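The residues making up each chain are set out below.
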Amino acid sequence: GEVYSIDKKLLVQIPDARHLVVKDGIEHIGIAAFAHYTFRTIQLPNTLKWIDAKAFYMCDKVTTIEMPQSVNCLGEWSFAYCDELVNITFSDAIEEIPACCFCCLLFNSLNFPKSLKIIRSGNSFCYEGAEADVILPEGMEIVESDAFDGCTIQSIYVPSSVYYMPKDWYYEYPCYEEGELEQPRI
């Protein structure tokens, strides 16, 4: 049931289990390798460098993912619709969060890596509480459309290094009857 590349560095697929362990030596998790899996915990090796598109798509039982510090590339939609994922520890090597990578998630807390430069469109970095504050790291350069799509955020710190942020980088869904929708305090 396990499928790897010939050189055993690319994981294509392994059987679903309650606790998923990715073998040491794996450098790349392939497209949709774990899509729709029901594992609750996962152990990723320190050799891992790349998590491809939809790798963890709709893994709706996992609550926490700790990315090894070796991970430097994420694919589009790689963690989208992981309904129970509330905690993620990023690798400090991540410079870009691709489009829709974290679509439709509700985090307890989130610490962006200091290396982060770009957040692409379609991510919804929402928080459990409406009183959440967001701090983007110094050195951040680009925040694309709807990076905080549909989220209720009290305030957000945007460093002066950000040189591109479109008008629709943030908006709230109209979830109450009266009053104007306001952007968070910047």
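This text goes with the structure placed above it.
Residues numbered from 1 in each chain as written. Predicted model: local features only at pLDDT ≥ 70, side-chain atom pairs only at ≥ 80, totals over all residues. Heavy atoms only, no water.

Considering the nonpolar core
(1) Moving on: Core analysis: the biggest nonpolar cluster contains 47 residues, and Phe34, Phe56, Phe79, Phe102 and Phe112 have the highest contact counts within it.
(2) Moving on: With sequence-adjacent residues up to four places away left out, Phe56 is seen in contact with Ile29, Phe34, Phe39, Ile42, Leu44, Ile51, Ile65, Ser78, Phe79, Ala80 and Cys82.
(3) Moving on: Among the nonpolar cores identified, the runner-up in size contains five residues, and Ala35, Tyr57, Ala80 and Cys100 belong to it. (Core = buried A, V, L, I, M, F, W, Y, C linked by side-chain atoms within 4.5 Å. Buried < 20%, exposed > 50% of the residue type's maximum accessible area, 1.4 Å probe, protein only. Contact = heavy atoms within 4.5 Å.)

Things to note about unusual backbone geometry
Trans is the prevailing form of peptide bonds, just as negative phi is the prevailing case for residues other than glycine.
(1) Moving on: With a phi close to 60°, Met58 is a non-glycine residue in the positive phi region.
(2) Moving on: Relative to the helices and strands, Met58 is located in the loop between strand E6 (50-51) and strand E7 (64-66).
(3) Moving on: According to the relative accessible area criterion, Met58 is partly exposed, its value standing at 33%.
(4) Moving on: Here the phi dihedral of Trp77 falls at roughly 60°; this positive angle occurs in a residue that is not glycine.
(5) Moving on: Tracing the sequence through the fold places Trp77 in the loop between strand E8 (73-74) and strand E9 (87-89).
(6) Moving on: A relative accessible area of 27% places Trp77 in the partly exposed class. (Helix = DSSP H or I, 4+ residues; strand = E, 2+ residues; numbered from the N terminus.)

Let's talk about the side chain of Ser91
(1) Moving on: As for its position among the elements, Ser91 is in the loop between E9 and strand E10 (96-97).
(2) Moving on: In this structure the side chain of Ser91 is engaged in a polar contact, spanning 3.0 Å, whose partner is the backbone oxygen of Gln69.
(3) Moving on: Those residues in contact with Ser91, other than ones at most four positions away along the chain, are Met67, Pro68, Gln69, Ser70, Val71, Pro113 and Ser115. (Polar contact = N/O pair within 3.5 Å; in protein donor to acceptor, adjacent residues only side chain to side chain.)

What to know about the environment of Trp50
(1) Moving on: Summarising the element assignment, Trp50 is placed in strand E6.
(2) Moving on: For Trp50 and His28, which are 22 residues apart along the polypeptide, the C-alpha to C-alpha distance reads 4.7 Å.

A word on the pattern of salt bridges
(1) Moving on: The full count for this structure, using the stated rule, is four salt bridges.
(2) Moving on: Across the salt bridge formed by Lys23 and Glu2, the nearest N and O atoms sit 3.0 Å from each other. Of the two residues, Lys23 sits in the loop between strand E3 (19-21) and strand E4 (28-29) while Glu2 sits in the segment before strand E1 (3-4), which places them 21 residues apart along the sequence.
(3) Moving on: Take Lys23: its relative accessible area is 45%, and that puts it in the partly exposed class.
(4) Moving on: Close ionic contact of Glu144 with Arg120 constitutes a salt bridge, the shortest N to O distance being 2.6 Å. One end of the pair, Glu144, is in the loop between strand E15 (142-143) and strand E16 (148-149); the other, Arg120, is in the loop between strand E12 (118-119) and strand E13 (125-127), and 24 residues separate them in sequence. (Salt bridge = Lys/Arg side-chain N within 4 Å of Asp/Glu carboxyl O.)

Here's the deal with the sheet that holds E8
(1) Moving on: The five strands lie next to each other as E1-E2-E4-E6-E8, forming an open sheet whose pairing is mixed. Whereas interior strands pair on both sides, the edge strands pair on one side only; in this sheet they are E1 and E8.
(2) Moving on: By the bridge criterion, two bridges tie E6 to E8 in an arrangement that is parallel. Bridge pairing links Ile51 to Leu74 in E8. (Pairing = 2+ DSSP bridges.)

With respect to the environment of Leu136
(1) Moving on: Here Leu136 is to be found in the loop between strand E14 (133-135) and E15.
(2) Moving on: Distance from Leu136 to Lys117, taken between C-alpha atoms, is 9.5 Å for residues 19 residues apart in sequence.
(3) Moving on: In contact with Leu136, other than residues within four places in its own chain, are Phe112, Ile119, Val143, Phe148, Ile156, Tyr157, Val158 and Pro159.

This is a description of form; function is not addressed.
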